[in-house]
Amino acid sequence: MGRWEPGAGGRLREAALTLYLEHGFEQTMVADIAERAGVTARTFFRHFADKREVLFDRSPELEEKSLAALEAAPATASTLELVAAALDSVADVIGQDRELARKRHTVIMANADLRERELIKLADMSAALADGLRRRGVGDTEASLATEAGSAVYRVAFQRWVDATDDLDLREAIHRSFAQLRALTAAN
């Protein structure tokens, strides 16, 4: 979800993703990942709770950065502008490496349990952002609606970005999707 970091964690992520693409998620064992990365299984478990977390371990970082962006946004920002600011911070992390995001997405889409986990992580992020909006004084319904809309915008923008053959960046894809949402709601 960002460029590979140096060290064992980065090697493990790269090895896991390569093996998931070559053999499938279910057929890849932790021992296979550790061997490919040149470390022990014990080292793997120092970095990741299980083989799924190789794909999802950056979720706390994304939540932290998105909440910080929401809190740092101006008091005059609209509710959707607050959500857009939070999504921009997510794009700053995920949008660094489209090829990595494409590979990760391919692995997740090939496995029903991973798709479910991805949706759960997105729902958790939406709930955290809604709580952040409520702390800023946004009403319950508006906070929930705005973050759910933001989640839909993100999913559409992410798919557009990973499928793009041009130099579209994730942040721009998010901005375009928000603009389309505004146009849709203004037309009705």
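Above this text sits the structure in question.
Residues numbered from 1 in each chain as written. Predicted model: local features only at pLDDT ≥ 70, side-chain atom pairs only at ≥ 80, totals over all residues. Heavy atoms only, no water.

J.: If you had to explain the environment of Ala 37 to someone new, which residues and values would you point to?
T.: By secondary structure assignment, the location of Ala 37 is in helix H2 (residues 30–37). Since its relative accessible area comes to 8%, Ala 37 is described here as buried. C-alpha separation for the pair Ala 37 and Ser 126, spaced 89 residues apart in sequence, amounts to 34 Å. The contacts of Ala 37, once residues within four sequence positions are left out, are Arg 11, Leu 12 and Ala 15. (Helix = DSSP H or I, 4+ residues; strand = E, 2+ residues; numbered from the N terminus. Buried < 20%, exposed > 50% of the residue type's maximum accessible area, 1.4 Å probe, protein only. Contact = heavy atoms within 4.5 Å.)

J.: Break down the packing of helix H8 (residues 112–135) against helix H9 (residues 140–163) for me, citing the residues and quoting the values.
T.: Helix packing for two helices is described by the angle between their axes and how far apart those axes are. Running from N to C, H8 and H9 cross one another at 140 degrees; their axes reach a closest spacing of 8 Å. Classified by the angle their axes make, H8 and H9 are oblique. Where H8 crosses over H9, the two elements pack in a sense that is right-handed. Between H8 and H9, the contacting residues are Leu 119, Leu 122, Ser 126, Leu 129, Ala 130, Leu 133 and Arg 134 on the first element and Asp 140, Ala 143, Ser 144, Ala 146, Thr 147, Glu 148, Ser 151, Tyr 154 and Arg 155 on the second. Looking at side-chain class alone, the contact of H8 with H9 contains eight nonpolar, four polar and four charged residues. (Axes fitted to C-alpha atoms, helices over the stretch in contact; angles between N-to-C directions. Parallel < 35°, antiparallel > 145°, perpendicular 65-115°, else oblique. Left-handed = near helix turned anticlockwise from the far one by under 90°. Nonpolar A, V, L, I, M, F, W, Y, C, P; charged D, E, K, R; others polar.)

J.: Outline the packing of aromatic side chains, supporting the account with residue identities and numerical values.
T.: Taken as a whole and assessed by the stated rule, the structure comprises five aromatic pairs. Grouping aromatic residues by their ring pairs yields a cluster made of Phe 44, Phe 45 and Phe 48. Sitting above the plane of the Phe 25 ring, Lys 51 keeps its charged end 4.5 Å from the centroid. (Phe/Tyr/Trp six-rings, centres within 6.5 Å; stacked < 30°, edge-to-face > 60°. Lys NZ or Arg CZ within 6 Å of the ring centre and 35° of its normal.)

J.: Could you give an account of the side chain of Thr 43, with specific residues and numbers?
T.: On the secondary structure map, Thr 43 appears in helix H3 (residues 41–47). When its relative accessible area of 13% is taken as the criterion, Thr 43 is described as buried. Setting aside residues up to four positions removed in sequence, Thr 43 forms contacts with Ala 8 and Leu 12.

J.: Tell me about the nonpolar core, and name the residues and values.
T.: Ranked by internal contacts, the top residues of the largest apolar core, which has 36 residues, are Ile 94, Leu 133, Tyr 154, Phe 158, Trp 161, Leu 170 and Ile 174. Elements supplying a minimum of two residues to this core: helix H5 (59–72), helix H6 (79–94), H8, H9 and helix H10 (170–187). Top contributing element to this core by residue count: H6, with nine residues. With residues up to four places along the chain from it excluded, the contact list for Ile 174 reads Leu 87, Ala 91, Val 153, Tyr 154 and Ala 157. The next biggest cluster of nonpolar side chains, apart from the first, holds 22 residues, and it includes Ile 33, Ala 34, Val 54 and Leu 55. (Core = buried A, V, L, I, M, F, W, Y, C linked by side-chain atoms within 4.5 Å.)

J.: Tell me about the layout of surface pockets, residues and numbers included.
T.: Its boundaries defined by the atoms lining it, the largest pocket holds a volume of some 540 Å³. Every residue lining the largest pocket is counted, 30 residues in all, and those nearest its centre are Glu 118, Lys 121, Leu 122, Tyr 154 and Arg 155. Secondary structure elements with two or more residues in the lining of the largest pocket: H5, H6, helix H7 (98–109), H8 and H9. Take the lining of the largest pocket: its biggest share by element is nine residues, from H8. Of the residues in the lining of the largest pocket, the class split is 16 nonpolar, seven polar and seven charged. (1 Å grid on protein atoms, 1.4 Å probe; cavity = no way out; pocket = protein on both sides within 12 Å on 5 of 7 lines; lining within 4 Å. Points joined across faces, edges and corners; volume = space filled by probe spheres on them.)

J.: I'd like a rundown of H10, residues and numbers included.
T.: If you check H10, its first and last C-alpha atoms are 26 Å apart, about what 18 residues at 1.5 Å a residue would give, namely 26 Å. Buried within H10 are the following residues: Leu 170, Ala 173, Ile 174, Ser 177 and Phe 178. Viewed along the axis of H10, the buried residues span an arc of 135 degrees, placing them on a single side of the element. Along H10, exposed side chains directed more than 90 degrees from the buried face belong to Ala 186 and Ala 187. (Expected span 1.5 Å × (residues − 1). Arc of directions from axis to C-beta.)

Keep in mind these values describe shape, not function.
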